[in-house]
Each structure stands twice: as structure tokens, then as C-alpha cells.
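Examining the three-dimensional arrangement
Here is how the chains run, residue by residue.
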Amino acid sequence: MDRMDRIWGAPPWRRENAAARQLKASAWPEVAVIGGGLTGASAAYHLARRGLRTILLEAGSLGDGASGRTGGLALEGVAAGVIEGASDCLSTLAAIVREERIECGLSLPGCWEIAHRGEGVELPWHDEGGRLRILRTVAGGTVDPAALLFGLLRAALRAGAEVYERTPVLRIATRPAPALEVPGAMINPGAVVVAANAWIGELMPPVRARMRSALTFACATERLGPDALIAIGLESGLPFYTVDTPYLWGRTTADGQAIFGSGLVYGAAARLARIDVGAGEAKLALDRLEARVRGLNPALAQIRVAARWAGPIGITDDLVPILCRMPGAPETLIAGGYSGHGVAMSVKAGRMAAAAIAEGVALPAWGAP
Ligand SMILES: Cc1cc2nc3c(=O)[nH]c(=O)nc-3n(C[C@H](O)[C@H](O)[C@H](O)COP(=O)(O)OP(=O)(O)OC[C@H]3O[C@@H](n4cnc5c(N)ncnc54)[C@H](O)[C@@H]3O)c2cc1C
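Just so you know, these numbers come straight off a predicted model, no measurement behind them. (Residues numbered from 1 in each chain as written. Predicted model: local features only at pLDDT ≥ 70, side-chain atom pairs only at ≥ 80, totals over all residues.)

**A word on the overall build of the protein**
Let me state the cut-off plainly: Secondary structure is summarised from DSSP: a helix means a run of H or I of at least four residues, a strand means a run of E of at least two, and numbering begins at the N terminus for each. Put simply, the radius of gyration uses C-alpha atoms, and a globule should come to 2.2 Å times the residue count raised to 0.38. As a rule, residues whose C-beta atom has 12 or fewer other C-beta atoms within 10 Å are exposed, those with 20 or more are buried, and those in between are partly exposed; C-beta atoms are placed from the backbone.
The number of helices and strands found in the protein is 10 helices and 19 strands. Since a compact globule built from 369 residues should have a radius of gyration of about 21 Å, the 20 Å found for the protein is in line with a globular shape. With the C-alpha coordinates of the protein rotated into their principal frame, the extents come out at 60 × 40 × 40 Å. Within the span of the protein, comprising 369 residues, buried residues form 52% of the whole.

Written as C-alpha cells, this is what we have:
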């Protein structure tokens, strides 16, 4: 079992050992991408397709961060809503999946926005002393996030990118030109994409004022039969998230598991990376989530919970991601901090970063420190 799975728990998504080579000190990339999640994989794919010599550096295993542990709700826009520059995330994602024939179960039938208050169709779910209601159905759906991630990584490798696992970037110097320190070597790429999500603040301290890191939590039930899915109102397969608090999101998987998520533990990324979900505040958060799920509907009361896990997110002060060039160091780009709303946006952000580097397309400058 992977080290992070031992302390953060193992999600139901099957991660792979993608081809990862021993870093060659002679490698002199035009672009280095830091982080082997969806942002980094998308950036590496789009850069390599544009003919740029690209390397991707992942500190641990590919998918170790949020992308291998996410719920996989594919949503439009960013956590703050659909804003300029983030209006076609789902069509961007669908086009790449189609073009690269990535088998990741992407399905976009819509997503319920649900709430404890307001007018809407009642779900058979009791939460916080009342019934949860469907307020509306918005654009969205679900994807197997690990299948998407490894499909993107394979496409990046096919396009000529080099991908290295267990290669942490220890330090970035941004001026006069980008220089990256990795164990035993210095790399001097022409440009850098910092796609390290919850760890961005560790590498780029000026970002810390805008983004906090946190662990968030999820659990998956055993497979439910059709009757149980009907009893809990999830037979349509639409995912959902609350638009009020206490927050709850969820979905079903292709083989009938129900996944629910909620809860946050804040901290510096280095501390979060040591938190064990089997003890302390993380265990409490998962116990609370599990008790809440069991209380939603009698059909869930005695259910076996097949998996419990945590994953890291970066939450910005205005819920708009960070997608910008570093002020005074324009060859260093930052993409991340999706505030728990990054499955589709991260893929789009990777593409935008690649277009900025290869073609000089302007970035929105969201959250420039
Ligand atoms: C439990 C959970 C549920 C979620 N559910 C949803 C959802 O349903 N829908 C949705 O839209 N969003 C959801 N999110 C958020 C979404 O998953 C993320 O926004 C998205 O995956 C971020 O991708 P990323 O590539 O930017 O970051 P990550 O996947 O976190 O990748 C960053 C990578 O950088 C690596 N790294 C860090 N530091 C270094 C370094 N110094 N050197 C090299 N590599 C480094 C890390 O190891 C990591 O692999 C969820 C997140 C979690 C944790």
C-alpha cells in the first residue's frame, strides 16, 4: 500500500504505476511542471502537444494529492461560481477525454444543488433535524478521477513529456530565471508551472496570504443493490452538493457504491501530510461524517462502509483559484487552489497555463500574490 494511503486512507479509485523514469541530470527541459495531479498532468499534456520539451516532477506517487482522492464530481466554473475564463470547463474536459479516448466513465447528466432550507423536491434524507431538498439541477456529472488522471498522463507521455515520481522540488528560485532544486540536481527550465495545489504555499511563500491548506474527508459504502439505491433516492446517478451548511457532497459509482464527503481540518501542508485518519481530529471528522451518512436514511443505517479517506485541498480567500504568472518572475506560473471545486477546472487551468507559455495567451491573473 502507498505511504499516503496508509495515513490518509485508500479511496476506491484505482491508481496506477505510470511510467516514471530516473531523472537525468542532463535533462534540460523547456518547461518543468511541479505536481502530478490533474493540473500538472493537463499542463504537461498540453505543453508536450505544442512541441515543448516538458518534464513533470511529482514528489510522491502520481495522484498522491487531491486528484487521486477526490470525489470526482465534474463541475462547471470555480467554487465562487461561473466566472469569466472558467465558463467551459466541462466541454474542455469532455473534448480531451474524447480526443485521447480516455476511459474514465465521464458522464455529464447534471448535478443536484441541495439544501437544508428553501423550496425544492424533498430527498428521503434527514439531516440536521430536517429533510434535504433538491433546489435545482446544474451542469455537471461524475468521472473516475484516477482513470482520468492516468489517461491524461499517458497522453502526455505519448506526446513526449517525461514524468518523474518521487522527485520532490525542494526549492524554486524564480529570478533571474527559474531554477529548481531536486535531490542531487539543479534544473534550469525556461518556464515552470507550479501545480502543487495544497503545497503551493510551501514552494511559493507569497501565496500563503491568499490560500489555506486543509484536509477534507470522504467515505464510500459497500455496493448497494438497485432497491437500496431507490430507497435512498440515488437511482438516477446524479451527484449532489449542498449550497448551505453543514456541507455535504456525494455521488454513486459505476458499480453502485455511494460516496459522501464533508469536513475540513486546516493546517500547513507539511502538518497535513503527517495526519493519520485513524486517530485524532481526522478520525473524529470521519466518524462524524459516517454517523451523518447512517442517519440520512434507514437504508443506510446498517450499511458497511468500505472505505474512509482524506485528501488535501487549497482554499483561497475568495474561492477563486490561483492562476497567474508570478509578479516580477513571469516565467513562473502558478495554477491551483480550487477550493474543493477543481476536477474540471484543473484540467482547464493546465491547458490555460500551457497556452500562456507556448503562445503568450494572457492568463486571468487570478490571485496573483
Ligand atoms: C476528498 C476530496 C474530494 C474532492 N471532491 C471534489 C469533487 O467532487 N469535485 C471537484 O471539482 N473537486 C473536488 N475536490 C478538489 C479536486 O480534487 C482538486 O481541486 C484537484 O484534484 C486539484 O488537482 P491538482 O492537480 O491541482 O492538485 P493535486 O492533485 O493535489 O496535485 C498536486 C501534486 O503536487 C505534488 N507536490 C506537492 N509538492 C510538491 C513538490 N515540492 N515537488 C513535486 N511535487 C509536489 C503532490 O504530491 C500532488 O500529487 C476534492 C478534493 C478532495 C481532497
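**Topic: the site of the ligand**
What counts is decided by this rule: In this entry, near means the residue's backbone-placed C-beta atom lies within 6 Å of the molecule or strand. We call Asp, Glu, Lys and Arg charged. Ala, Val, Leu, Ile, Met, Phe, Trp, Tyr, Cys and Pro are nonpolar, and the rest, Gly among them, are polar.
The immediate surroundings of the ligand are formed by 43 residues, with G35, G37, G65, G311 and G342 found nearest. Where the shell around the ligand is concerned, the elements lending two or more residues are α2 (38-49), β3 (73-75), β13 (211-223), β17 (305-316) and α10 (343-359). Classifying every residue of the shell around the ligand gives 20 nonpolar, 20 polar and three charged.

**Things to note about the sheet that holds β13**
Counted only if it meets this: Here, any two strands with at least 2 DSSP bridges between them count as paired. To obtain each axis, a line is fitted to C-alpha atoms, and for helices this fit is confined to the stretch in contact; angles are then taken between N-to-C directions over 0 to 180 degrees.
An order of β5-β6-β4-β14-β15-β16-β13-β17 is seen for the eight strands of this open sheet, with the pairing classed as mixed. One side of each edge strand has no neighbouring strand; the edge strands of this open sheet are β5 (121-127) and β17. The average angle at which neighbouring strand axes cross in this sheet is 25 degrees, direction not considered. Inspection of the sheet shows β13 paired to strand β16 (residues 257-266) by eight bridges, in the antiparallel sense. The residue of β16 that forms the bridge with A220 is I259.

**Side note on helix α3 (residues 89-99)**
Worth spelling out the cut-off: The directions considered for the arc run from the helix axis to the C-beta atoms.
For α3, every residue scored as buried is listed here: C89, L90, T92, L93, I96 and V97. One side of α3 holds all its buried residues, which, seen down the axis, span an arc of 160 degrees. Set apart from the buried face of α3 by more than 90 degrees, the exposed residues are A95, R98 and E99. Immediately downstream of α3, the backbone of R101 shows phi near 50 degrees, a positive value.

**Points about the packing of α2 against helix α4 (residues 145-158)**
Rules: For this classification, under 35 degrees means roughly parallel, over 145 means roughly antiparallel, 65 to 115 means roughly perpendicular, and everything else is oblique. By definition, any crossing whose near helix is turned counterclockwise from its far helix by less than a right angle is left-handed, and any crossing with a clockwise turn is right-handed. Here, residue contact means that the backbone-derived C-beta atoms of the two residues sit within 7 Å.
One way to put it is that α2 packs onto α4 with a least axis distance of 8 Å and a crossing angle of 25 degrees. By the criterion of interaxial angle, the relationship of α2 to α4 is roughly parallel. Two packed elements cross with a definite hand, and for α2 against α4 that hand is left-handed. Across the interface between the two elements, L38, A41, S42, A44, Y45 and A48 from α2 touch L148, L149, L152, L153, A155 and A156 from α4. Residues belonging to the contact of α2 with α4 are distributed by class as follows: 11 nonpolar, one polar and no charged.

**Topic: the nonpolar core**
Let me state the cut-off plainly: In this description, a nonpolar core means buried residues of the types Ala, Val, Leu, Ile, Met, Phe, Trp, Tyr and Cys, linked to one another by C-beta atoms lying within 7 Å.
Residues I34, A156, V193 and V194 are the most contacted members of the largest nonpolar core, which totals 119 residues. When residues of this core are assigned to their parent elements, the largest contribution, 10 residues, is made by α10. Once residues lying within four places of it in the same chain are set aside, the contact partners of V193 are V31, V33, I34, A43, L333, A335 and A353.

**A few points about the sheet that holds strand β18 (residues 322-326)**
Ordered by their spatial adjacency, six strands build an open sheet running β8-β2-β1-β12-β19-β18, and the pairing between neighbours is mixed. Pairing within the sheet leaves two strands with one partner each, and these edge strands are β8 (162-164) and β18. Pairwise comparison of adjacent strand axes, ignoring direction, gives a mean angle of 15 degrees for this sheet.

**Looking at the pairing of strand β15 (residues 249-252)**
Across the two faces of β15 the burial is the same, with W249 and R251 and G250 and T252 all buried. Note that strand β14 (residues 240-242) and β15 share two bridges and pair antiparallel. Bridge assignment links Y241 to a residue of β15, and that residue is W249. From the end of β14 to the start of β15, which pair antiparallel, there are six residues. Relative to β16, β15 is paired through four bridges, and the arrangement is antiparallel. Within β16, the position partnered with R251 by the bridge is I259.

**Thoughts on unusual backbone geometry**
Note that the residue after R175, namely P176, is joined by a cis bond; omega there is 0 degrees. Among the secondary structure elements, P176 is positioned in the loop between β9 (171-173) and β10 (179-182). Following T245, the chain continues to P246 via a peptide bond in cis, the omega torsion being -5 degrees. Among the secondary structure elements, P246 is positioned in the loop between β14 and β15. Of note in the backbone geometry, L319 takes a positive phi value of approximately 65 degrees without being a glycine. Structurally, L319 can be placed in the loop between β17 and β18.

**Re the environment of E58**
Along the polypeptide, E58 turns up in the loop between β2 (54-57) and β3. With 28 C-beta atoms packed within 10 Å, E58 lands in the buried category. Along the backbone, E58 and L148 are 90 residues apart, and their C-alpha atoms lie at a distance of 17 Å. Non-local contacts of E58, meaning those with residues more than four positions away in its chain, are made with G35, G36, Y164, E165 and T167.

**Describing the environment of A139**
Summarising the element assignment, A139 is placed in the loop between β6 (130-138) and β7 (140-142). Residue class for A139 comes out partly exposed when judged on the 17 C-beta atoms lying within 10 Å of it. Taking the C-alpha atoms as reference points, A139 and A282, separated by 143 residues in sequence, lie 32 Å from one another. With residues near it in sequence (within four places) discarded, A139 still touches E76, L90 and G110.

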